[in-house]
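This is what each chain is made of:
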Amino acid sequence: MLEIFQYEFMQRAFVAGALIGLTAPLIGIFLVVRRYSLIADTLAHVSLLGIAIGLILDVNPFLTAIIASVIASILIEKLGSEKKLLTESVLSLFLSGALALAVVLISITNGFNANLYNYLFGSISIVSTTDIYIIVTLAVVLIFAVLCFFKDLFLMSFDMELAIVNKVPVKFLNLLLAVLAALQVSISIRAVGVLLIGALMVIPVITAFQFGLGFKKTLILAIIFSEISIFAGLYISYYFDLASGGTIVMLNLLFFVASLLLNKFKVRR
């Protein structure tokens, strides 16, 4: 079983997977509690637009995806905070608009190619050394930001009015959370692909919530589920020649179904 670590590309895959498995629930739990999970899918489609631009300009698509998703997250938060448009409408606007433009740009480049396919559905085994540097840097930024503002993010997520009364900088934190979500989406592309990013950020969290624990314990449990699914998914996808992104998400779904069944069993008892 350890022979998998003889290959450098798999070593890089496990390093990237470990970091993504840690940070995805770390950001996802605040999105779930705020019922803001759709922003992950929206930013994922914006990232697809960034990837298409990167492929056309012959620039690292990873970088253009990050830039596109961060800019979009700021615009989404600005438009949503003005109250002229509902947040769901703003997200839908960016999701459909970015996807439409991405499709147009992809058609200009004569359709799908191997690189674009990997970004769509995930192929963590092709993570490069440059990608690792980017993922490590952004993971450190994400962890540091959450640790610095953990209490304020927690209060804002559960009770916005109470946060305002306690003079928590709500506008700043809303913008910060949107940008952090954009960064998380960007670094998760390699693991599960654009189409499945939202699942990686949400499913481990809602699985952990089934156990009725406190917030911090739920976060730790979500990280455990996320890490197990990624490591097991990499093993399974390697030995059975499966798509890593789909395998990882399917394992997350299995954990969620198991948690539901366990919950029902406890209620019956």
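Reading the values: rules and limits
- Residues numbered from 1 in each chain as written.
- Predicted model: local features only at pLDDT ≥ 70, side-chain atom pairs only at ≥ 80, totals over all residues.
- Heavy atoms only, no water.
- Helix = DSSP H or I, 4+ residues; strand = E, 2+ residues; numbered from the N terminus.
- Rg over C-alpha atoms; globule rule 2.2 N^0.38 Å.
- Buried < 20%, exposed > 50% of the residue type's maximum accessible area, 1.4 Å probe, protein only.
- Contact = heavy atoms within 4.5 Å.
- Lys, Arg positive; Asp, Glu negative; His and termini not counted.
- Charge placed at Lys NZ, Arg CZ, Asp CG, Glu CD.
- Core = buried A, V, L, I, M, F, W, Y, C linked by side-chain atoms within 4.5 Å.
- Polar contact = N/O pair within 3.5 Å; in protein donor to acceptor, adjacent residues only side chain to side chain.
- Patch = residues over 30% accessible without salt bridge, like charges linked within 9 Å, V, L, I, M, F, W, Y side chains within 5 Å.
- Areas by Shrake-Rupley, 256 points an atom, 1.4 Å probe, with all protein chains shown as cover.
- Salt bridge = Lys/Arg side-chain N within 4 Å of Asp/Glu carboxyl O.
- Axes fitted to C-alpha atoms, helices over the stretch in contact; angles between N-to-C directions.
- Parallel < 35°, antiparallel > 145°, perpendicular 65-115°, else oblique.
- Left-handed = near helix turned anticlockwise from the far one by under 90°.
- Nonpolar A, V, L, I, M, F, W, Y, C, P; charged D, E, K, R; others polar.

Moving on to the overall build of the protein. A tally of helices and strands in the protein yields twelve helices and zero strands. For 269 residues, the compact-globule estimate of 2.2 N^0.38 gives 18 Å, and the protein sits close to it at 18 Å. Taking the principal axes of its C-alpha atoms as reference, the protein extends roughly 50 × 50 × 30 Å. Sorting the 269 residues of the protein into buried and exposed places 49% on the buried side. Counting contacts in the protein only where the partners sit at least 6 residues apart, residues at least 24 apart contribute 76% of the total. Positive and negative side-chain charges in the protein, numbering 16 and 13 respectively, have mean positions lying 13 Å apart.

Counting residues in hydrophobic clusters, the biggest one holds 90 residues, and the most contacted among them are Ile27, Phe30, Leu31, Leu43 and Met201. The biggest single contributor to this core is helix H9 (residues 170–192), with 15 residues.

Along the polypeptide, Ser128 turns up in the loop between helix H5 (114–121) and helix H6 (129–148). What makes Ser128 partly exposed here is its relative accessible area of 28%. Note: C-alpha distance between Ser128 and Leu260 (132 residues apart in sequence) is 38 Å. At 3.1 Å, the side chain of Ser128 and the side chain of Asp131 are in polar contact.

The next subject is a nonpolar patch on the surface. Residues Ile53, Ile56, Leu57 and Val59 make up a contiguous nonpolar surface patch of about 320 Å² in total accessible area. By the secondary structure assignment, Leu57 is in helix H2 (residues 38–57).

To continue, consider the packing of helix H3 (residues 61–81) against H9. Contact geometry of H3 with H9 gives a least axis separation of 8 Å together with a crossing angle of 155°. One element, H3, and the other, H9, form an angle in the roughly antiparallel class. For H3 against H9, the interelement crossing comes out right-handed. Between H3 and H9, the contacting residues are Phe62, Ala65, Ile66, Ser69, Val70, Ser73, Ile74 and Glu77 on the first element and Asn174, Leu175, Ala178, Val179, Ala182, Leu183, Ser186, Ile187 and Ile189 on the second. Here the residues of the contact of H3 with H9 sort into twelve nonpolar, four polar and one charged.

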